[in-house]
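# Summary of the model geometry
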Amino acid sequence: MSAVPSRPAGRRLGWILALLALAQLIYALDLNIVFVALPEIGAELGFPGQTQQLVVSAYVVFAGGFLLFGGRAADLLGRRRVFVFALALYAVSSLAGGLAPTPAMIIIARAVQGIGGALLLPSTLSLINTLFPEGPQRNRALAVWGGAGASGLTIGALLGGVLTENFGWPAVFYVNVPLAGIVALAALAVIPRDPARGEKRRFDLPGSLTVTAGATLLVFALVQGPEQGWGSPLVVGAFVLAALLLVAFAVIEQRSADPLMPFRLFRNRSLTMGMTVTFIYMATFGVLPYFLTVLMQSVHGFSALQTGLAFLVPSLAIATGTQLGERMTTRMGLRRTLLIGFGVGVVGTAVMAIGFDAGAGYGMLVPGLIVSGVGQGVVWTAMWIAAATGTAPHEQGVANGIASTALNIGNAIGLAVFTALAEIGTGGKTGENLRAATAHGEFVVVLLTAAGMVVGFLVSLALPRANAKAPVLPEAPSPDPIAS
């Protein structure tokens, strides 16, 4: 067995959790903060047409492609080392983004920022899942971490509007520099050192290259499909090459003595179900903020700041749900908690759809936003608990990398499919007719996301009943793992 970092107690453990939660807030903040600055970035740097979206896509593509690599790096190289390195990379790339004089430079900076995010998310999760013992203490830590993420989404929208209006678009990049730098330095002082290494393990370079390239190309194709057209040679070629690389990865992993992603991990039903739920979560709950933003800005004419303020209600509901999810999981078990979370989400999202009308005001959205948000928060906490349950400490990084990859791909597929469906019937329309058609298309899509949540409800039925814990899987016969 690989060594596990000694678990600090008391006040120091509280400081560690605060740092890990702050890191998640930084990660979540950056998902939304750039959106409101896109028009100014496009105007000042000369982005033609819709290519401004590349500022967002570059981050999404590289973050999605490198998540599994980031999880394995945390297991093999040390969780604290990767955590600190990821924050440093985040700070440097954010500085480069703020200083970018050309479109190419800012896209490269966002790609590197995406790689930093791909290293940060699984290393943060694996630190939580090794420093906090499985059970109520870990559940509570994941709830705090999840609540910080929900807060980051709201702060990102609000802060993006405030910074862009008062200091210009570079400020949305510069704000990450001191935040990431402070957390990285504090981590060196507060988080325990990674244990001494044992016998050296191979990193599985062929597996790393094929899965990273394959996942990156898959996310690229999903992100660019709506923009380029699903039949375009670029998108089709990316899908084909992604499929070939991922098949090659599967063959390599089956033959490797020390694989990047041991397939035996999928014998853990809790991890498999957790991974499936994260995919469904982001393909349903995860796409709602995009359609809400379009409704508020394109249909109702909200400003960036007004939109950010409007997101306060769902964000508070989600943060409340994350705390409920921890208590419910501890008392009732994962299965029942996920069933309740998805059930509440279905009802709330269906009610929310009523507010997707060109003539409806924000008040029509509020009841659905609250109920759906609580369900979303409950599922968020429970699904990460599921993904971590029953996995050995030395493989927490790759397990979280698997779940995080499913999360990212679920979001890319959900957005690609539902965006295409929402745009049916809007072609050739302008003015009030376009507003009405946009609202109607989104009304249909929101109902379809509620139907997707029903699928999540059904999948959750496959989890063990009550509080039965998934067994920790034994190590495969392979070279002794290093202590990471």
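Residues numbered from 1 in each chain as written. Predicted model: local features only at pLDDT ≥ 70, side-chain atom pairs only at ≥ 80, totals over all residues. Heavy atoms only, no water.

A word on the overall build of the protein. A tally of helices and strands in the protein yields 19 helices and 0 strands. Relative to the 2.2 N^0.38 estimate, which gives 23 Å for 484 residues, the radius of gyration of the protein is 21 Å and therefore close to what a compact globule would have. When its C-alpha atoms are laid out on the principal axes, the protein stretches across 65 × 50 × 45 Å. In the protein, of all internal contacts separated by at least 6 residues, the share reaching a separation of at least 24 is 84%. Entry remark: accessible area of the protein is about 18500 Å², with carbon and sulfur atoms responsible for 70%. (Helix = DSSP H or I, 4+ residues; strand = E, 2+ residues; numbered from the N terminus. Rg over C-alpha atoms; globule rule 2.2 N^0.38 Å. Contact = heavy atoms within 4.5 Å. Areas by Shrake-Rupley, 256 points an atom, 1.4 Å probe, with all protein chains shown as cover.)

In this structure the tally under the stated criterion is 11 aromatic pairs. Here Tyr290 and Phe291 contribute two aromatic rings whose centre-to-centre distance is 5.1 Å and whose plane-to-plane angle is 80 degrees, an arrangement assigned as edge-to-face. Using a relative accessible area of 36% as the deciding quantity, one classes Tyr290 as partly exposed. Aromatic ring contacts, followed pair by pair, group Trp145, Tyr281, Phe285, Phe342, Trp380 and Trp384 into a single cluster. (Phe/Tyr/Trp six-rings, centres within 6.5 Å; stacked < 30°, edge-to-face > 60°. Buried < 20%, exposed > 50% of the residue type's maximum accessible area, 1.4 Å probe, protein only.)

Moving on: the side chain of Arg110. Relative to the helices and strands, Arg110 resides in helix 6 (residues 103-131). Accessibility expressed as a relative area gives 2% for Arg110, which makes it buried. Here the side chain of Arg110 touches Val55 through a polar contact of 2.8 Å, landing on its backbone oxygen. Aside from chain neighbours lying at most four places away, what touches Arg110 is Asp30, Val34, Val55, Val56, Ala58, Tyr59 and Phe173. (Polar contact = N/O pair within 3.5 Å; in protein donor to acceptor, adjacent residues only side chain to side chain.)

To continue, consider helix 2 (residues 38-45). Within helix 2, burial applies to Leu38, Ile41, Gly42 and Leu45. The buried residues of helix 2 all sit within an arc of 95 degrees when viewed along its axis, so they share a single face. Structural note: helix 2 exposes Pro39, Ala43 and Glu44 on the side pointing more than 90 degrees away from its buried face. Along its buried surface, helix 2 packs onto helix 3 (54-65), helix 6 and helix 8 (171-174). (Arc of directions from axis to C-beta.)

Take the nonpolar core next. Ranked by internal contacts, the top residues of the largest apolar core, which has 90 residues, are Phe83 and Trp384. A total of 9 residues in this core trace back to one element, the largest contributor, which is helix 17 (residues 366-388). Setting aside residues no more than four positions away along its own chain, Trp384 makes contact with Leu125, Leu142, Trp145, Asn400, Ala403, Ser404 and Leu407. Residues Ala21, Ile33, Ile106 and Ala148 belong to the second largest nonpolar core, which totals 21 residues. (Core = buried A, V, L, I, M, F, W, Y, C linked by side-chain atoms within 4.5 Å.)

Our next topic: the packing of helix 16 (residues 334-353) against helix 19 (residues 431-460). Packing of helix 16 against helix 19 brings their axes to within 9 Å, and their N-to-C directions diverge by 170 degrees. Taken together, the axes of helix 16 and helix 19 lie roughly antiparallel to each other. The way helix 16 lies across helix 19 gives a crossing that is left-handed. Residues Arg335, Leu338, Leu339, Phe342, Gly343, Gly345, Val346, Thr349, Ala350 and Ala353 of helix 16 pack against Phe443, Val446, Leu447, Thr449, Ala450, Met453, Val454, Gly456, Phe457 and Ser460 of helix 19. Taken together, the residues of the contact of helix 16 with helix 19 break down into 13 nonpolar, 6 polar and 1 charged. (Axes fitted to C-alpha atoms, helices over the stretch in contact; angles between N-to-C directions. Parallel < 35°, antiparallel > 145°, perpendicular 65-115°, else oblique. Left-handed = near helix turned anticlockwise from the far one by under 90°. Nonpolar A, V, L, I, M, F, W, Y, C, P; charged D, E, K, R; others polar.)

In this section: the pattern of salt bridges. With the rule as written, the count across this model stands at 4 salt bridges. Note that Arg79 is salt-bridged to Asp75, the shortest N-O span being 3.2 Å. Both residues of the pair, Arg79 and Asp75, belong to the buried class. (Salt bridge = Lys/Arg side-chain N within 4 Å of Asp/Glu carboxyl O.)

As for its position among the elements, Tyr59 is in helix 3. As a C-alpha pair, Tyr59 and Ala104 span 45 residues in sequence and 13 Å in three-dimensional space. If we skip the residues at most four places from it in the chain, Tyr59 touches Tyr27, Asp30, Leu31, Tyr90, Arg110, Gln113, Gly114 and Gly117. Within the local environment of Tyr59, its side chain forms a polar contact with the side chain of Tyr90, the two groups lying 2.9 Å apart.

With that out of the way, let us pick up a nonpolar patch on the surface. A surface patch of nonpolar side chains, about 480 Å² in accessible area, is lined by Val347, Val351, Ile354, Met364, Ile370 and Val371. At the level of secondary structure, the elements contributing two or more residues to the nonpolar patch comprise helix 16 and helix 17. (Patch = residues over 30% accessible without salt bridge, like charges linked within 9 Å, V, L, I, M, F, W, Y side chains within 5 Å.)

Attention now moves to the environment of Arg80. With respect to the helices and strands, Arg80 occurs in helix 5 (residues 79-99). The sequence separation of Arg80 and Leu127 amounts to 47 residues, and the corresponding C-alpha distance is 7.6 Å. Ignoring anything within four residues of it in the chain, the contact list for Arg80 reads Leu127, Ala187, Leu188, Ile191, Pro192, Arg193 and Asp194.

This part is about the packing of helix 10 (residues 205-228) against helix 18 (residues 396-422). Contact geometry for helix 10 and helix 18: axes closest at 9 Å, N-to-C directions at 20 degrees. Judged by the inter-axis angle, helix 10 sits roughly parallel to helix 18. The crossing of helix 10 and helix 18 is left-handed. Mapping the contact onto sequence places Leu218, Val219, Leu222 and Pro226 in helix 10 and Asn408, Ile409, Ala412, Ile413 and Ala416 in helix 18. Grouping the constituent residues of the contact of helix 10 with helix 18 by class yields 8 nonpolar, 1 polar and no charged.

A word on the confidence of the model for the protein. Across the protein, pLDDT averages 83, with 91% of residues at or above 70. Taken element by element, the predicted model of the protein shows its lowest mean pLDDT in helix 14 (residues 304-310) (79) and its highest in helix 16 (94). In this model residues 467-484 is a low-confidence stretch, pLDDT under 50, and it forms 59 contacts with partners more than four residues away in sequence or in other chains. (pLDDT = per-residue confidence, 0-100.)

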